[in-house]
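Structural description and commentary
If you want the building blocks of each chain, they are given just below.
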Amino acid sequence: MLQQVNGHGSGSAAHGGESLREDLQEFLGGEAPLQQLDDLTKVNPVTLETVLRCLQARYTADTFYTNAGCTLVAMNPFKPVPQLYSPELMQEYHAASQPQTLKPHIFTVGEQTYRNVKSLMEPVNQSIVVSGESGAGKTWTSRCLMKFYAVVAASPTSWESHKVAQRIEQRILNSNPVMEAFGNACTLRNNNSSRFGKFIQLQLNGAQQMTGAAVQTYLLEKTRVACQAPSERNFHIFYQIYKGAHAEERVRWCLPEGATFSWLPHPERTLEEDCFEVTREAMLHLGIDAPTQNNIFQALAGLLHLGNTQFADSGNEAQLCPLVDDAQCSVGTSALLLGLLEDHLLETLRIRTIRAGRGRQVFRKPCSQAECDTRRDCLAKLVYARLFDWLVSVINSSICAAPDSWTTFIGLLDVYGFESFPNNSLEQLCINYANEKLQQHFVAHYLRAQQEEYAVEGLEWSFVSYQDNQPCLDLIEGSPVSICSLINEECRLNRPSSAAQLQTRIESALTGRPRLGRDRLSPEPNFIVLHYAGPVRYRTAGLVEKNKDPVPPELTRLLQQSQDPLLKVLFPADPEEKSQEEPSGQNRAPVLTVVSKFKASLEQLLQVLRGTTPHYIRCIKPNSQAQAQIFHREEVLSQLEACGLVETIHISAAGFPIRVSHRNFVERYELLRRLRPATTLGRHGPCPDGGRSERPPCTEPATLRGLLQEILHALPAPLHCGRTKVFMTDSTLELLERARAQVLEQCARHIQRGWRRHRCRTQARRRRAAVLIQAAVRSWLARKHVQRLHAAATVIKRAWREWRIRMAFLASEELDGVEEKHSSQAPCSPSSSPLPLAQTRLQGAITRLWPLGLALANGAVGVHGFQRKLVVFACLQLPVGSPRSCAIQTAQEQAGVLSIRALPQGSIRFHCRKSPLRYADTCPGPSPDSVTGFNQILLERHRPGHV
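An unreviewed UniProt entry lists the protein chain under the name Myosin XIX, with Ovis aries as the source organism.

1. Observations concerning the overall build of the protein chain
Each helix and strand counted, the protein chain has 30 helices and 17 strands in total. Within the protein chain, the proportion of its 947 residues that are buried is 45%. In the protein chain, the share of contacts with a sequence separation of at least 24, taken over all contacts with a separation of at least 6, comes to 69%. Working note: accessible area of the protein chain is about 48,200 Å², and carbon and sulfur atoms make up 55% of it.

2. Quick look at empty space enclosed by the protein
Under the definition given, this model contains six cavities of 30 Å³ or more. Volume-wise, the largest cavity comes out at about 140 Å³. Lining the largest cavity are 13 residues, and of these Gly132, Glu133, Tyr532, Gln639 and Cys643 sit closest to its centre. Counting residues per element, the ones that place at least two in the lining of the largest cavity are strand S3 (126-132), strand S14 (613-620) and helix H23 (633-642).

3. Points about the packing of helix H16 (residues 483-492) against helix H17 (residues 499-509)
Running from amino to carboxyl end, H16 crosses H17 at an angle of 140 degrees, the nearest separation of the two axes being 10 Å. Between H16 and H17, the crossing angle belongs to the class labelled oblique. Remark: the crossing between H16 and H17 carries right-handed chirality. Here Leu486, Ile487, Glu489 and Glu490 of H16 lie close against H17, whose contacting residues are Leu502, Arg505, Ile506 and Ala509. Counted by class, the contact of H16 with H17 contains five nonpolar, no polar and three charged residues.

4. Thoughts on the pattern of salt bridges
This structure, assessed with the given rule, holds 30 salt bridges. Measuring nitrogen to oxygen at the nearest pair gives 3.0 Å for the salt bridge that ties Arg233 to Asp274. One end of the pair, Arg233, is in the loop between strand S7 (210-218) and helix H7 (236-244); the other, Asp274, is in the loop between helix H8 (247-253) and helix H9 (276-285), with 41 residues separating them in the sequence. Arg233 gets classed as buried once you look at its relative accessible area, which sits at 0%. Ionic pairing is found between Glu249 and Arg280, a salt bridge with its closest N-O pair at 2.1 Å. Residue Glu249 is located in helix H8, and its partner Arg280 is located in helix H9; the two are separated by 31 residues in the primary sequence. Exposure remark for Glu249: the relative accessible area of 11% places this residue in the buried category. The network of salt bridges with common partners includes Arg195, Glu221, Arg224, Glu232 and Glu419.

5. A short note on helix H4 (residues 106-119)
Between its first and last C-alpha atoms H4 spans 20 Å; for 14 residues at 1.5 Å apiece the expected length is 20 Å, and the two agree. All of the buried residues along H4 are Ile106, Phe107, Thr108, Val109, Gly110, Glu111, Thr113, Tyr114 and Val117. One or two positions beyond H4, positive phi appears at Leu120, with a value near 60 degrees.

6. Some remarks on a positive patch on the surface
A contiguous patch of positive charge, built from Arg753, Arg756, Arg757, Arg759, Arg761, Arg765, Arg766, Arg767 and Arg768, is present on the exposed surface. Secondary-structure assignment places Arg753 in helix H27 (residues 730-825). Classification of Arg753 by relative accessible area gives partly exposed; the value is 42%.

7. Examining unusual backbone geometry
Between Ser479 and the following residue, Pro480, the backbone shows a cis peptide bond with an omega angle of 5 degrees. Along the chain, Pro480 falls in the loop between helix H15 (470-477) and H16. Non-glycine residue Phe78 carries a positive phi angle of around 55 degrees. Mapped onto the elements, Phe78 comes out in the loop between strand S2 (71-75) and helix H3 (87-95). Of note, Ser231 is a non-glycine position whose phi angle comes to about 70 degrees, a positive value. One can find Ser231 in the loop between S7 and H7. When its relative accessible area of 42% is taken as the criterion, Ser231 is described as partly exposed.

8. Thoughts on the packing of aromatic side chains
Summed over all chains, the structure comprises 19 aromatic pairs. Here the aromatic rings of Phe107 and Phe148 are separated by 5.1 Å at their centres, their planes lie at 10 degrees, and the arrangement is stacked. A residue pair is termed long-range when its members are at least 10 positions apart, and Phe107 in helix H4 and Phe148 in helix H5 (residues 138-152) qualify at 41 residues. You'll find Phe107 and Phe148 in the same group, each marked buried. An angle of 90 degrees between the planes, with centres 6.2 Å apart, marks the rings of Tyr242 and Phe261 as edge-to-face. On the criterion of sequence distance, the pair formed by Tyr242 in helix H7 and Phe261 in the loop between H8 and H9 is long-range, its members being 19 residues apart. An aromatic cluster of three or more residues is present, and its members are Tyr85, Tyr93, Phe107, Trp140, Phe148 and Tyr149. Arg233 extends its terminal NZ or CZ atom over the ring of Tyr239, reaching a point 3.8 Å from the ring centre. The positively charged end of Arg618 is found above the aromatic ring belonging to Phe442, 4.8 Å away from the centroid.

9. Points about the sheet that holds strand S11 (residues 516-517)
Pairing in this open sheet of three strands is antiparallel, and the strands run S11-S12-S13 from one edge to the other. The open sheet is flanked by S11 and strand S13 (534-539), the only strands paired with a single partner. Contacting strand S12 (526-531) and S13, helix H14 (residues 426-456) crosses the sheet at an angle of about 150 degrees to S13.

Parameters and conventions
- Residues numbered from 1 in each chain as written.
- Predicted model: local features only at pLDDT ≥ 70, side-chain atom pairs only at ≥ 80, totals over all residues.
- Heavy atoms only, no water.
- Helix = DSSP H or I, 4+ residues; strand = E, 2+ residues; numbered from the N terminus.
- Buried < 20%, exposed > 50% of the residue type's maximum accessible area, 1.4 Å probe, protein only.
- Contact = heavy atoms within 4.5 Å.
- Areas by Shrake-Rupley, 256 points an atom, 1.4 Å probe, with all protein chains shown as cover.
- 1 Å grid on protein atoms, 1.4 Å probe; cavity = no way out; pocket = protein on both sides within 12 Å on 5 of 7 lines; lining within 4 Å.
- Points joined across faces, edges and corners; volume = space filled by probe spheres on them.
- Axes fitted to C-alpha atoms, helices over the stretch in contact; angles between N-to-C directions.
- Parallel < 35°, antiparallel > 145°, perpendicular 65-115°, else oblique.
- Left-handed = near helix turned anticlockwise from the far one by under 90°.
- Nonpolar A, V, L, I, M, F, W, Y, C, P; charged D, E, K, R; others polar.
- Salt bridge = Lys/Arg side-chain N within 4 Å of Asp/Glu carboxyl O.
- Expected span 1.5 Å × (residues − 1).
- Patch = residues over 30% accessible without salt bridge, like charges linked within 9 Å, V, L, I, M, F, W, Y side chains within 5 Å.
- Lys, Arg positive; Asp, Glu negative; His and termini not counted.
- Charge placed at Lys NZ, Arg CZ, Asp CG, Glu CD.
- Phe/Tyr/Trp six-rings, centres within 6.5 Å; stacked < 30°, edge-to-face > 60°.
- Lys NZ or Arg CZ within 6 Å of the ring centre and 35° of its normal.
- Pairing = 2+ DSSP bridges.

If you want it as structure tokens, here you go:
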């Protein structure tokens, strides 16, 4: 069961003071390892002294971030440390498998929120609450976190989407210098103090890529435009214009060198934030072009000249207040820059319009000197507040994504820190009220809610006492009576209110409240509120007027008549306003005060934070002089006490910050049953089914709990199962995630191994099939080739047989014809003498061998062919020894007509033509005219004289 560790539970008091002192001395004696303690939960014992010494040792070693359980403590170094926020370091924290193992950093918190969004564990949306005193480094922390998300949340695949993502990131980052220039100022405690609160919503799509952002602002300190405390400055933008304008712009905006303005104190101080070109370039990237920028800076210059408009006391209520020396020039310049008529401007500032009576008659009454100054300041605050709101809307329209293009968000809350000045008014009351609400959110979400949840879930837990600021909130905003309700009631009453009267009402109505006090030694009416960060004394003078924030309607009508393009946008002419009359008496609508509007916006912000998983960064200011390497123990100690850091460390060290419902735990970690005994977490043998889970999604609570117990028994990690949730520490969650990744890796390897086996088998089957197909194709081709050869041979043999039969037939016919002719002609020539023996042999040879002559005459071999000569020699029975003595001539070399010719024409066809052998009856030998073909060849060979 759940137990307190380090001896900090309710039973720790039994150890006695001596044991605690010994532990404290033992811990403080080892100075060397203090700077190596990355987490304050490792400090033993946990006291303010030990925590303070540990933070001091780390700050001296230039280690500015320390974990304190669920909170990150950030010490302001008051010096540039560029290597601590480089893009390479951002990528290192983003690429780390376990960022918690690296050194504590704001990038660790940023990466944890980003991974929580990717894991889709409820609640998916994340928020980071950056709190601390003014000057503790909240604005810088928020700026670095935005840069971190711009780097890690942008990984598009295509080049076009990469350019779009870069443009969105650049616009989101460029919103910072613009917001700081118009909303930050130099105060007693901080050179770049945020005079407004802002909640930045970084919008992510389904692929966890940043698609846009939205900025929501709270309570701009617009009174700073016209009133600055001693040693403090106005907003940064006025000094940027005054110092960074070019010569032509100075002429256009009437800002000569060395000019003095009453609303621009301490212009000789040079700060890093006075860079005009950075603001200009950022505005250009946000879509604010150069002409619009010129109109903005011209209007701001007009406000500076309006501040030099001073009025003198007229001495008579019926007379107008005159202007002091040189004020007339300032009024004319201001009217020119604001696009107003000078006479109309002066008349509006010095004359008040009153409606009275049943007929709503209009009366014009000259204002006193104080009223003239108030109307002048009100005009300046009205213009600046409208300009700031317009800039926020322009920034949102430039960086905000479409509602259907993002699914989750990470919120960055950067609000003004706790403030306590010599003179505190309504602005400080609202600022400290906001810090009280955020502290209560931390207490309710972490310190109180966690411990109550342990008890409800049935875990054994010893409650840790903590400082609850709920009584202070009841004093400020409680019902039915509180400080805010009394101030709002004074605003609704139709009577003048004095500071002493308000103080009396507060003391009488809130008597007995433990958080309320009064400084009786102060001559001014006041009241003291004991905040969680310390007591603050508030002056009651001016509280009611500031809460009313009255804007005379004639001032609005004056600005609606401006010819300046920017003021026409800020103050559009509304025709309905002219027809509406100001209600009076009981018909008057309730006054919407500054406190009421701020309270409503703060409740809306807290509603958004309650729907997210919060993460806390506590910024600590080591000294009030804003100097490096200086650690004031008393100042740091007061901040540690105020934020309840020691109680946070106690609960973080003993508690379980990770809480997951049973169903979500089973859905995410059911696969851990696949682990083998050889793995890190598995203690039991493999499941009977070989580690495979074939269970259907469980819906019954009994089945769910049984499956949950089965998973828990397989894990040696310190998990605690409550009635509805599973509780674990961060280290246990890392162990579970590592084991889950191991199982997923095993599954992936099994899938890869099975896929490779399937692929190899498929390839082998395909290879065998290809071989069989190739063999079949080759066999078929061979058979077809043999069949074609066989058919061709058959055709050739048939043609040869036919040709041979035809030749035999032709030869027999020619021989029959010759014999018949010879026998028929022999009796007719009895006078002829018989042929010689040689000629008779020649005629016999011609009769027997003339087909061979035809074949040799039409053959493709030439006259000198060796094979042809052998055939001729063999057929004619010629002597082989003297082949050169025999000259053979083809039929192509002889004149005359062949008797039988075989000519190939396309296909093999034989054209045969009968040519009778003619002999001369009377001639002793054959003549060239009567003998053709091979007969002619033989005759030529056996002519007399031919050897």
